[in-house]
Amino acid sequence: NAGVTQTPKFRILKIGQSMTLQCTQDMNHNYMYWYRQDPGMGLKLIYYSVGAGITDKGEVPNGYNVSRSTTEDFPLRLELAAPSQTSVYFCASSPLRVSSYEQYFGPGTRLTVT
Amino acid sequence: GESVGLHLPTLSVQEGDNSIINCAYSNSASDYFIWYKQESGKGPQFIIDIRSNMDKRQGQRVTVLLNKTVKHLSLQIAATQPGDSAVYFCAEGENTGFQKLVFGTGTRLLVSP
């Protein structure tokens, strides 16, 4: 299994541009998540999904949109990029398990908005 | 609001020493706790977890201790190695309809040879 994969690894955007961060998992996990990590900070939840067709807002959803048309894919859309969205973005997934809430993370996308 | 915090932003140790990384949490409804290791330029990797009905759990060279009375969590790494140098995050979990994790800000562990 490749686990959780993210593309691109790096991206520079100009203010006002849009882009989609791709995330795919091959573990057949129900749950998927998008986080952002600012320098020296922990992970903040942007959006999450409990299954195909179901998404919900996390702690910091403004400026982002998501969709979940399949179990495997969970793209994150940035509309009208702003400098405040400069961050490292991590996608994660987890199975539905009573005993553990462990989330499996992708390698991240480093985004700079200038 | 809910928060997970760490006492020490940076911990420097010598190779071979034991390391202790601390974490405070505030949500008494949290029933699951987890430690992640994040190396530079990589995503977080699972180290060890513990449920709220346990006080201690051991893994390979790592031990997690949970004190629910004072809402405190610690990660102990035995015989610390240079490869242990990374940022360590604790997270608390609660099942609110989905399995939500709230992450702390992280502690950087620096291991000198």
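Criteria and thresholds
- Residues numbered from 1 in each chain as written.
- Chains lettered and ligands numbered in written order.
- Predicted model: local features only at pLDDT ≥ 70, side-chain atom pairs only at ≥ 80, totals over all residues.
- Heavy atoms only, no water.
- Disulfide = S-S within 2.5 Å.
- Helix = DSSP H or I, 4+ residues; strand = E, 2+ residues; numbered from the N terminus.
- Buried < 20%, exposed > 50% of the residue type's maximum accessible area, 1.4 Å probe, protein only.
- Pairing = 2+ DSSP bridges.
- pLDDT = per-residue confidence, 0-100.
- Axes fitted to C-alpha atoms, helices over the stretch in contact; angles between N-to-C directions.
- Contact = heavy atoms within 4.5 Å.
- Buried area = accessible area lost by both parts, 1.4 Å probe.
- Salt bridge = Lys/Arg side-chain N within 4 Å of Asp/Glu carboxyl O.
- Polar contact = N/O pair within 3.5 Å; in protein donor to acceptor, adjacent residues only side chain to side chain.

## Some thoughts on the state of the cysteines
All names here are of chain B.
- Taken as a whole, this structure holds two disulfides over all chains when the rule is applied.
- With a sulfur-sulfur separation of 1.8 Å, C23 is cross-linked through a disulfide to C90. Looking down the S-S bond of the C23 and C90 bridge, the torsion is 50 degrees, so its handedness is right-handed. In this pair, C23 is assigned in strand β3 (residues 19–25) and C90 in strand β9 (residues 86–95), connecting sequence segments 67 residues apart.
- Residue C23 is classed as buried on the basis of its relative accessible area, which comes to 1%.

## Thoughts on the pairing of strand β10 (residues 99–103) of chain B
Residue and element names in this part refer to chain B.
- Of all five residues in β10, four are buried, a share of seventy percent or more.
- Pairing geometry for β9 and β10, over five bridges, is antiparallel. Bridging across to β10, E92 finds its partner in V102.
- Joining the antiparallel neighbours β9 and β10 is a turn of three residues, in which G97 adopts a positive phi near 105 degrees.

## Some thoughts on the confidence of the model for chain B
- Here chain B averages 90 in pLDDT, while 93% of its residues score no lower than 70.
- Element-level pLDDT for chain B is lowest in strand β1 (residues 4–5) of chain B, with a mean of 48, against a maximum mean of 98 in strand β7 (residues 62–67) of chain B.

## Topic: the sheet that holds strand β3 (residues 19–25) of chain A
Residue and element names in this part refer to chain A.
- Taken in spatial order, the four strands make up an open sheet running β1-β3-β8-β7, and their pairing is antiparallel. Looking at which strands have only one partner, the edges of the open sheet turn out to be β1 (4–7) and β7 (64–66). Strand-to-strand twist in this sheet, taken as the mean axis angle between neighbours without regard to direction, amounts to 20 degrees.
- Inspection of the sheet shows β3 paired to strand β8 (residues 76–78) by three bridges, in the antiparallel sense. Considered in β8, the bridge of M19 is made with L78.

## Concerning the interface of chain B and chain A
- Contact residues are listed per partner, giving 24 residues for chain B and 24 residues for chain A.
- Taking both sides of the interface into account, the surface hidden between chain B and chain A amounts to around 1,800 Å²; carbon and sulfur atoms contribute 57%.
- Broken down residue by residue, the surface that chain B buries against chain A is led by F98, Q99 and F103 of chain B, which jointly contribute 38%.
- Our count for the chain B to chain A interface comes out at zero salt bridges.
- The tally of links from chain B across to chain A stands at eight residue pairs in polar contact (both at pLDDT 80 or more).

## Describing the environment of Y101 of chain A
- In this structure, Y101 of chain A sits in the loop between β9 (87–94) and β10 (104–105).
- For Y101 of chain A, a relative accessible area of 2% translates into the label buried.
- If near-sequence neighbours (up to four positions away) are discounted, Y101 of chain A is found in contact with D31, Y32, R51, G93, E94, N95, Q99, K100 and L101 of chain B.
- One polar contact links Y101 of chain A to D31 of chain B, side chain to side chain, over a distance of 3.0 Å.

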